[in-house]
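Architecture and fold: a report
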Amino acid sequence: MTARIIGIGAYAPEQVVTNQDLTKFLDTNDAWIRERTGIGARHVSTSEGTSALATEAAKRAIADAGISPEEIEIVIVATSSPDRAFPSAAADVQGAIGAKHAVAFDITAACSGFIYALHIVQGFIQAGIYKTALIIGAETLSKVLDWTDRSSCILFGDGAGAAVVRADETGVVKTLVGSDGTKNDVLYCQARSLENCLTGGKPELGFMQMDGQEVFKFAVKKVPEIVNAILEETGTDREAVQHYLLHQANIRILEAASRRLKVPMDKIPVNIERYGNTSAASIPILLDEMHRDGRLKRGDTLVMAGFGAGLTWGAALMTW
Ligand code: COA
(Lines give C-alpha, C1' and ligand atoms only; values in the text may rest on other atoms or scores of the structure.)
Protein backbone atom coordinates (compact mmCIF):
# COMPACT_ATOMS: atom_id res chain seq x y z
CA MET A 1 0.00 0.00 0.00
CA THR A 2 1.09 3.55 -0.63
CA ALA A 3 -0.23 7.08 -0.10
CA ARG A 4 -2.46 8.54 -2.79
CA ILE A 5 -3.78 12.09 -2.89
CA ILE A 6 -7.54 11.74 -3.37
CA GLY A 7 -8.59 15.34 -2.66
CA ILE A 8 -6.96 18.73 -2.77
CA GLY A 9 -7.98 22.23 -1.69
CA ALA A 10 -6.45 25.65 -1.18
CA TYR A 11 -7.33 28.99 0.32
CA ALA A 12 -5.69 32.40 0.39
CA PRO A 13 -6.87 35.47 2.29
CA GLU A 14 -8.81 38.03 0.29
CA GLN A 15 -6.44 40.98 0.54
CA VAL A 16 -3.97 41.19 -2.36
CA VAL A 17 -0.91 43.40 -1.97
CA THR A 18 0.79 44.30 -5.24
CA ASN A 19 4.41 45.33 -5.70
CA GLN A 20 3.09 48.82 -6.37
CA ASP A 21 1.34 48.79 -2.96
CA LEU A 22 4.70 48.01 -1.30
CA THR A 23 6.28 51.13 -2.78
CA LYS A 24 4.04 53.22 -0.48
CA PHE A 25 6.22 52.29 2.51
CA LEU A 26 9.30 50.59 1.04
CA ASP A 27 12.16 51.79 -1.17
CA THR A 28 11.47 49.33 -3.98
CA ASN A 29 9.72 49.10 -7.33
CA ASP A 30 7.64 46.68 -9.37
CA ALA A 31 10.31 46.19 -12.07
CA TRP A 32 13.04 45.18 -9.55
CA ILE A 33 10.80 42.70 -7.76
CA ARG A 34 9.48 41.12 -10.97
CA GLU A 35 12.90 40.85 -12.56
CA ARG A 36 14.68 39.41 -9.49
CA THR A 37 11.87 37.18 -8.20
CA GLY A 38 8.98 36.83 -10.68
CA ILE A 39 6.56 38.06 -8.01
CA GLY A 40 3.83 40.55 -8.89
CA ALA A 41 1.52 40.30 -5.86
CA ARG A 42 0.89 38.31 -2.71
CA HIS A 43 -2.07 37.65 -0.40
CA VAL A 44 -1.77 39.12 3.09
CA SER A 45 -4.13 38.15 5.87
CA THR A 46 -5.67 40.96 7.88
CA SER A 47 -8.08 38.93 9.99
CA GLU A 48 -7.67 35.16 9.50
CA GLY A 49 -4.88 33.33 11.28
CA THR A 50 -2.96 30.26 10.11
CA SER A 51 -5.49 27.85 11.62
CA ALA A 52 -8.39 29.59 9.84
CA LEU A 53 -6.61 29.41 6.48
CA ALA A 54 -5.71 25.76 7.12
CA THR A 55 -9.30 24.92 8.07
CA GLU A 56 -10.74 26.44 4.90
CA ALA A 57 -8.21 24.62 2.70
CA ALA A 58 -8.95 21.39 4.59
CA LYS A 59 -12.72 21.73 4.06
CA ARG A 60 -12.15 22.17 0.33
CA ALA A 61 -9.83 19.15 0.15
CA ILE A 62 -12.33 17.00 2.05
CA ALA A 63 -15.15 18.11 -0.28
CA ASP A 64 -12.95 17.32 -3.28
CA ALA A 65 -12.18 13.85 -1.87
CA GLY A 66 -15.86 13.24 -1.11
CA ILE A 67 -15.15 11.75 2.31
CA SER A 68 -16.50 12.42 5.79
CA PRO A 69 -14.13 14.20 8.25
CA GLU A 70 -14.78 11.33 10.64
CA GLU A 71 -12.86 9.01 8.32
CA ILE A 72 -9.63 10.99 8.86
CA GLU A 73 -7.21 9.28 11.24
CA ILE A 74 -4.34 11.77 11.27
CA VAL A 75 -4.09 15.53 10.67
CA ILE A 76 -0.68 17.12 10.14
CA VAL A 77 -0.25 20.85 9.64
CA ALA A 78 3.13 21.95 8.32
CA THR A 79 3.68 25.55 9.37
CA SER A 80 6.38 27.95 10.51
CA SER A 81 3.84 30.59 11.46
CA PRO A 82 1.23 29.07 13.81
CA ASP A 83 -1.16 31.42 15.61
CA ARG A 84 -0.10 30.10 18.99
CA ALA A 85 2.89 28.19 20.40
CA PHE A 86 0.37 25.62 21.61
CA PRO A 87 -1.97 23.91 21.07
CA SER A 88 -1.10 23.00 17.50
CA ALA A 89 -2.75 24.41 14.39
CA ALA A 90 -3.60 20.80 13.55
CA ALA A 91 -5.64 20.55 16.77
CA ASP A 92 -7.53 23.70 15.75
CA VAL A 93 -8.27 22.20 12.33
CA GLN A 94 -9.28 18.85 13.78
CA GLY A 95 -11.78 20.53 16.08
CA ALA A 96 -13.11 22.89 13.40
CA ILE A 97 -13.75 20.21 10.76
CA GLY A 98 -14.99 17.52 13.16
CA ALA A 99 -12.26 14.96 12.45
CA LYS A 100 -12.99 13.48 15.83
CA HIS A 101 -11.16 10.19 15.32
CA ALA A 102 -7.90 11.80 14.23
CA VAL A 103 -4.61 12.40 16.01
CA ALA A 104 -3.44 15.95 15.24
CA PHE A 105 -0.05 17.62 15.39
CA ASP A 106 2.12 20.21 13.63
CA ILE A 107 5.51 19.91 12.03
CA THR A 108 8.04 22.63 11.26
CA ALA A 109 10.16 22.15 8.19
CA ALA A 110 9.68 25.64 6.70
CA CYS A 111 9.09 25.55 2.94
CA SER A 112 9.72 21.78 2.77
CA GLY A 113 6.87 21.19 5.23
CA PHE A 114 4.28 19.78 2.82
CA ILE A 115 6.75 17.21 1.44
CA TYR A 116 7.80 16.29 5.00
CA ALA A 117 4.13 15.79 5.92
CA LEU A 118 3.61 13.55 2.88
CA HIS A 119 6.76 11.62 3.83
CA ILE A 120 5.40 11.05 7.35
CA VAL A 121 1.94 9.86 6.28
CA GLN A 122 3.50 7.68 3.60
CA GLY A 123 5.41 5.92 6.39
CA PHE A 124 2.26 5.47 8.49
CA ILE A 125 0.32 4.15 5.48
CA GLN A 126 3.08 1.74 4.43
CA ALA A 127 3.27 0.46 8.01
CA GLY A 128 -0.49 -0.13 7.98
CA ILE A 129 -1.07 2.23 10.93
CA TYR A 130 -3.42 4.71 9.21
CA LYS A 131 -5.42 4.61 5.98
CA THR A 132 -6.74 8.17 5.69
CA ALA A 133 -4.77 11.32 6.42
CA LEU A 134 -5.15 15.06 6.01
CA ILE A 135 -1.96 17.04 5.39
CA ILE A 136 -1.90 20.81 5.20
CA GLY A 137 0.69 23.49 4.51
CA ALA A 138 -0.49 26.79 6.01
CA GLU A 139 1.25 30.09 6.69
CA THR A 140 0.67 33.67 7.75
CA LEU A 141 4.29 34.67 7.37
CA SER A 142 3.20 38.30 6.96
CA LYS A 143 3.20 38.56 10.76
CA VAL A 144 6.87 37.57 11.11
CA LEU A 145 8.20 39.63 8.22
CA ASP A 146 10.26 42.72 8.88
CA TRP A 147 8.30 45.07 6.62
CA THR A 148 11.23 47.52 6.65
CA ASP A 149 13.62 44.93 5.11
CA ARG A 150 13.09 45.19 1.36
CA SER A 151 15.31 42.18 0.60
CA SER A 152 13.03 39.74 2.43
CA CYS A 153 9.50 41.11 2.95
CA ILE A 154 8.80 41.40 -0.78
CA LEU A 155 9.16 37.63 -1.22
CA PHE A 156 6.48 36.09 0.97
CA GLY A 157 2.71 35.69 1.03
CA ASP A 158 0.00 34.04 3.15
CA GLY A 159 -2.07 31.00 2.19
CA ALA A 160 -2.88 27.35 2.77
CA GLY A 161 -3.13 24.16 0.75
CA ALA A 162 -4.43 20.79 1.92
CA ALA A 163 -4.53 17.21 0.65
CA VAL A 164 -6.55 14.18 1.70
CA VAL A 165 -4.30 11.15 1.41
CA ARG A 166 -5.50 7.56 1.42
CA ALA A 167 -3.94 4.09 1.27
CA ASP A 168 -4.09 2.77 -2.29
CA GLU A 169 -2.26 0.48 -4.72
CA THR A 170 -0.77 3.43 -6.64
CA GLY A 171 0.24 6.94 -5.62
CA VAL A 172 3.50 7.96 -4.00
CA VAL A 173 6.37 5.96 -5.47
CA LYS A 174 9.06 7.51 -3.29
CA THR A 175 9.73 10.39 -0.94
CA LEU A 176 13.17 11.71 -0.16
CA VAL A 177 13.89 14.26 2.59
CA GLY A 178 16.91 15.76 4.30
CA SER A 179 18.10 18.45 6.70
CA ASP A 180 21.29 20.38 7.43
CA GLY A 181 21.06 22.06 10.81
CA THR A 182 24.59 23.48 10.52
CA LYS A 183 23.02 26.07 8.19
CA ASN A 184 20.26 27.03 10.62
CA ASP A 185 21.34 30.68 10.53
CA VAL A 186 20.80 31.53 6.84
CA LEU A 187 17.02 31.77 7.22
CA TYR A 188 15.37 31.92 10.62
CA CYS A 189 12.86 33.63 12.86
CA GLN A 190 13.52 33.92 16.61
CA ALA A 191 10.54 32.85 18.72
CA ARG A 192 9.84 34.34 22.16
CA SER A 193 13.16 35.13 23.88
CA LEU A 194 14.27 33.78 27.28
CA GLU A 195 13.85 37.19 28.91
CA ASN A 196 11.49 37.38 31.88
CA CYS A 197 11.33 38.94 35.36
CA LEU A 198 13.91 36.42 36.62
CA THR A 199 16.46 37.18 33.93
CA GLY A 200 15.75 40.87 34.19
CA GLY A 201 14.62 41.47 30.62
CA LYS A 202 11.45 41.90 28.65
CA PRO A 203 10.24 39.00 26.45
CA GLU A 204 10.70 39.79 22.80
CA LEU A 205 9.57 38.30 19.51
CA GLY A 206 11.85 38.22 16.50
CA PHE A 207 11.31 38.82 12.80
CA MET A 208 12.46 36.71 9.89
CA GLN A 209 16.14 37.10 9.02
CA MET A 210 17.50 35.88 5.72
CA ASP A 211 20.79 35.70 3.86
CA GLY A 212 19.13 35.77 0.44
CA GLN A 213 22.20 34.94 -1.60
CA GLU A 214 23.12 31.93 0.55
CA VAL A 215 19.57 30.60 0.28
CA PHE A 216 19.62 31.19 -3.47
CA LYS A 217 22.89 29.27 -3.91
CA PHE A 218 21.58 26.39 -1.80
CA ALA A 219 18.32 26.21 -3.74
CA VAL A 220 19.79 26.19 -7.25
CA LYS A 221 22.11 23.35 -6.25
CA LYS A 222 19.77 21.31 -4.05
CA VAL A 223 16.62 21.28 -6.20
CA PRO A 224 18.25 19.63 -9.25
CA GLU A 225 20.19 17.33 -6.93
CA ILE A 226 17.10 15.92 -5.20
CA VAL A 227 15.04 15.76 -8.38
CA ASN A 228 17.83 13.81 -10.11
CA ALA A 229 18.19 11.56 -7.06
CA ILE A 230 14.51 10.67 -6.96
CA LEU A 231 14.39 10.01 -10.71
CA GLU A 232 17.45 7.79 -10.46
CA GLU A 233 16.31 5.90 -7.36
CA THR A 234 12.92 5.14 -8.92
CA GLY A 235 14.35 4.36 -12.37
CA THR A 236 12.20 7.08 -13.94
CA ASP A 237 13.15 8.88 -17.18
CA ARG A 238 12.87 12.66 -16.85
CA GLU A 239 10.71 12.69 -20.02
CA ALA A 240 8.23 10.31 -18.35
CA VAL A 241 7.34 13.00 -15.80
CA GLN A 242 4.46 15.28 -16.89
CA HIS A 243 4.91 18.00 -14.25
CA TYR A 244 7.71 19.11 -11.95
CA LEU A 245 6.05 21.03 -9.10
CA LEU A 246 8.88 22.93 -7.45
CA HIS A 247 8.56 25.16 -4.40
CA GLN A 248 7.64 28.65 -5.59
CA ALA A 249 10.38 30.79 -4.03
CA ASN A 250 11.81 32.70 -6.97
CA ILE A 251 11.31 32.40 -10.75
CA ARG A 252 15.10 32.52 -11.20
CA ILE A 253 15.47 29.42 -8.99
CA LEU A 254 12.86 27.63 -11.13
CA GLU A 255 14.61 28.69 -14.35
CA ALA A 256 17.99 27.57 -13.01
CA ALA A 257 16.45 24.20 -12.09
CA SER A 258 14.99 23.96 -15.60
CA ARG A 259 18.45 24.53 -17.16
CA ARG A 260 20.31 22.18 -14.83
CA LEU A 261 17.73 19.42 -15.10
CA LYS A 262 17.30 19.91 -18.85
CA VAL A 263 13.54 20.01 -18.26
CA PRO A 264 11.61 22.65 -20.27
CA MET A 265 9.82 25.41 -18.34
CA ASP A 266 6.47 24.22 -19.72
CA LYS A 267 6.85 21.21 -17.40
CA ILE A 268 7.60 23.45 -14.40
CA PRO A 269 4.36 25.22 -13.45
CA VAL A 270 4.64 28.71 -12.00
CA ASN A 271 2.14 30.71 -9.94
CA ILE A 272 4.59 32.81 -7.92
CA GLU A 273 3.49 35.95 -9.80
CA ARG A 274 0.17 35.93 -7.88
CA TYR A 275 1.14 34.39 -4.52
CA GLY A 276 4.80 35.09 -3.76
CA ASN A 277 6.46 32.45 -1.61
CA THR A 278 3.80 30.89 0.64
CA SER A 279 6.34 28.52 2.22
CA ALA A 280 4.74 25.20 3.25
CA ALA A 281 1.58 26.12 1.33
CA SER A 282 3.21 26.72 -2.04
CA ILE A 283 3.20 23.18 -3.46
CA PRO A 284 -0.37 22.25 -2.42
CA ILE A 285 -1.69 25.62 -3.67
CA LEU A 286 -0.07 24.85 -7.03
CA LEU A 287 -1.42 21.29 -7.02
CA ASP A 288 -4.90 22.62 -6.32
CA GLU A 289 -4.76 25.13 -9.20
CA MET A 290 -3.56 22.48 -11.63
CA HIS A 291 -6.19 20.01 -10.45
CA ARG A 292 -9.00 22.54 -10.84
CA ASP A 293 -7.95 23.83 -14.27
CA GLY A 294 -7.57 20.29 -15.63
CA ARG A 295 -3.80 20.28 -16.09
CA LEU A 296 -3.44 17.20 -13.87
CA LYS A 297 -4.70 13.95 -15.37
CA ARG A 298 -5.19 10.75 -13.41
CA GLY A 299 -2.18 8.57 -14.15
CA ASP A 300 0.23 11.50 -14.66
CA THR A 301 3.66 11.14 -13.08
CA LEU A 302 4.53 14.12 -10.89
CA VAL A 303 7.69 15.17 -9.12
CA MET A 304 7.34 17.65 -6.26
CA ALA A 305 10.35 19.28 -4.60
CA GLY A 306 10.70 21.78 -1.77
CA PHE A 307 13.52 23.45 0.13
CA GLY A 308 13.75 25.95 2.93
CA ALA A 309 14.93 27.01 6.36
CA GLY A 310 16.63 24.39 8.49
CA LEU A 311 18.06 23.94 6.01
CA THR A 312 15.55 21.37 4.83
CA TRP A 313 14.68 19.77 1.52
CA GLY A 314 12.36 17.11 0.22
CA ALA A 315 11.07 15.53 -2.97
CA ALA A 316 8.29 13.13 -3.86
CA LEU A 317 7.59 11.18 -7.04
CA MET A 318 4.03 10.02 -7.45
CA THR A 319 1.30 8.92 -9.78
CA TRP A 320 -1.61 11.35 -9.72
N1 COA B 1 13.88 46.58 -4.26
C2 COA B 1 14.87 47.27 -4.82
N3 COA B 1 16.16 47.01 -4.59
C4 COA B 1 16.46 46.00 -3.75
C5 COA B 1 15.46 45.25 -3.13
C6 COA B 1 14.13 45.58 -3.40
N7 COA B 1 13.10 44.91 -2.85
N8 COA B 1 16.05 44.32 -2.36
C9 COA B 1 17.37 44.47 -2.48
N10 COA B 1 17.62 45.50 -3.33
C11 COA B 1 18.91 46.01 -3.75
C12 COA B 1 20.02 45.70 -2.76
O13 COA B 1 20.04 46.69 -1.74
C14 COA B 1 21.23 45.76 -3.63
O15 COA B 1 21.58 47.11 -3.85
P16 COA B 1 23.13 47.56 -3.92
O17 COA B 1 23.69 46.82 -5.11
O18 COA B 1 23.03 49.02 -4.10
O19 COA B 1 23.73 47.11 -2.62
C20 COA B 1 20.75 45.21 -4.97
O21 COA B 1 19.32 45.34 -4.95
C22 COA B 1 21.10 43.76 -5.19
O23 COA B 1 20.81 43.05 -4.00
P24 COA B 1 21.08 41.52 -3.90
O25 COA B 1 20.77 41.06 -2.51
O26 COA B 1 22.45 41.20 -4.46
O27 COA B 1 19.98 40.95 -4.91
P28 COA B 1 19.77 39.50 -5.41
O29 COA B 1 19.84 39.47 -6.87
O30 COA B 1 20.60 38.52 -4.63
O31 COA B 1 18.24 39.26 -5.02
C32 COA B 1 16.88 38.09 -3.45
C33 COA B 1 17.87 39.23 -3.66
C34 COA B 1 16.47 38.07 -2.00
C35 COA B 1 15.67 38.33 -4.35
C36 COA B 1 17.57 36.76 -3.85
O37 COA B 1 18.81 36.64 -3.21
C38 COA B 1 16.73 35.56 -3.52
O39 COA B 1 15.65 35.37 -4.03
N40 COA B 1 17.26 34.67 -2.68
C41 COA B 1 16.52 33.47 -2.26
C42 COA B 1 15.58 33.82 -1.14
C43 COA B 1 14.53 32.77 -0.94
O44 COA B 1 14.04 32.20 -1.86
N45 COA B 1 14.16 32.57 0.32
C46 COA B 1 13.14 31.64 0.71
C47 COA B 1 13.61 30.26 0.51
S48 COA B 1 12.41 29.10 0.92
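It should be emphasised that the depicted structure is a prediction, and the values quoted were computed from it without experimental measurement.

Once that is clear, we can look at the overall build of the protein chain. Helix and strand counts for the protein chain come out as nine helices and 13 strands. The globule rule puts the C-alpha radius of gyration for 320 residues at 20 Å, and the 19 Å found for the protein chain is close to it. Across its three principal directions, the C-alpha atoms of the protein chain cover 55 × 45 × 35 Å. In the protein chain, which comprises 320 residues, the proportion classed as buried is 53%. When contacts within the protein chain are restricted to residue pairs at least 6 apart in sequence, those whose partners lie at least 24 apart make up 76%. Accessible surface, the protein chain: about 13,700 Å² in total, of which carbon and sulfur atoms supply 51%.

The next thing to look at is the pairing of strand E11 (residues 243-246). Here E11 shows no split at all, with His-243 and Leu-245 on one side and Tyr-244 and Leu-246 on the other all buried. Bridging between E11 and strand E12 (residues 301-308) involves four bridges; their strand directions are parallel. Looking across to E12, one finds that Leu-246 is bridged to Ala-305.

Quick look at helix H9 (residues 282-292) now. Across the 11 residues of H9, nine count as buried, placing the element largely inside the fold. Within H9, burial applies to Ser-282, Ile-283, Pro-284, Ile-285, Leu-286, Leu-287, Asp-288, Glu-289 and Met-290. On the buried face of H9, the contacting elements are strand E1 (2-11), helix H5 (113-126), strand E7 (159-168), E11, helix H8 (272-275) and E12. Just past H9, the residue Gly-294 takes up positive phi, approximately 85°.

It is worth spelling out the pattern of salt bridges at this point. Summed over all chains, the structure comprises 18 salt bridges. Linking Glu-71 and Arg-166 is a salt bridge whose minimum nitrogen-to-oxygen distance equals 2.5 Å. Taken as a pair, Glu-71 in the loop between helix H3 (50-65) and strand E4 (74-78) and Arg-166 in strand E7 lie far apart in primary sequence, 95 residues in all. Judged by relative accessible area, which is 34%, Glu-71 ranks as partly exposed. For Arg-166, a relative accessible area of 25% gives the class partly exposed. Several salt bridges share partner residues, and in doing so they unite Asp-30, Arg-34 and Glu-273 into one network.

Time to look at the nonpolar core. Counting 48 residues, the largest nonpolar core has Ile-154, Val-227, Leu-231, Tyr-244, Leu-246, Val-303 and Phe-307 as its most contacted members. When residues of this core are traced back to their parent elements, those giving at least two are helix H6 (212-234), E11, helix H7 (251-261), E12 and strand E13 (312-319). If one sorts the elements of this core by residue count, H6 sits on top with nine residues. Residue assignment places this core across two domains, with domain 1 (2-169) and domain 2 (175-319) each supplying three or more. Sequence-distant contacts of Leu-231, that is, excluding residues within four places in its chain, are made with Thr-236, Arg-238, Val-241, Tyr-244, Val-303 and Leu-317. Counting residues in each nonpolar core, the second largest holds 32 residues, with Ile-135, Ala-316, Met-318 and Trp-320 among its members.

Reading guide: rules and limits
- Residues numbered from 1 in each chain as written.
- Predicted model: local features only at pLDDT ≥ 70, side-chain atom pairs only at ≥ 80, totals over all residues.
- Heavy atoms only, no water.
- Helix = DSSP H or I, 4+ residues; strand = E, 2+ residues; numbered from the N terminus.
- Rg over C-alpha atoms; globule rule 2.2 N^0.38 Å.
- Buried < 20%, exposed > 50% of the residue type's maximum accessible area, 1.4 Å probe, protein only.
- Contact = heavy atoms within 4.5 Å.
- Areas by Shrake-Rupley, 256 points an atom, 1.4 Å probe, with all protein chains shown as cover.
- Pairing = 2+ DSSP bridges.
- Salt bridge = Lys/Arg side-chain N within 4 Å of Asp/Glu carboxyl O.
- Core = buried A, V, L, I, M, F, W, Y, C linked by side-chain atoms within 4.5 Å.
- Domains from an automatic or database assignment.

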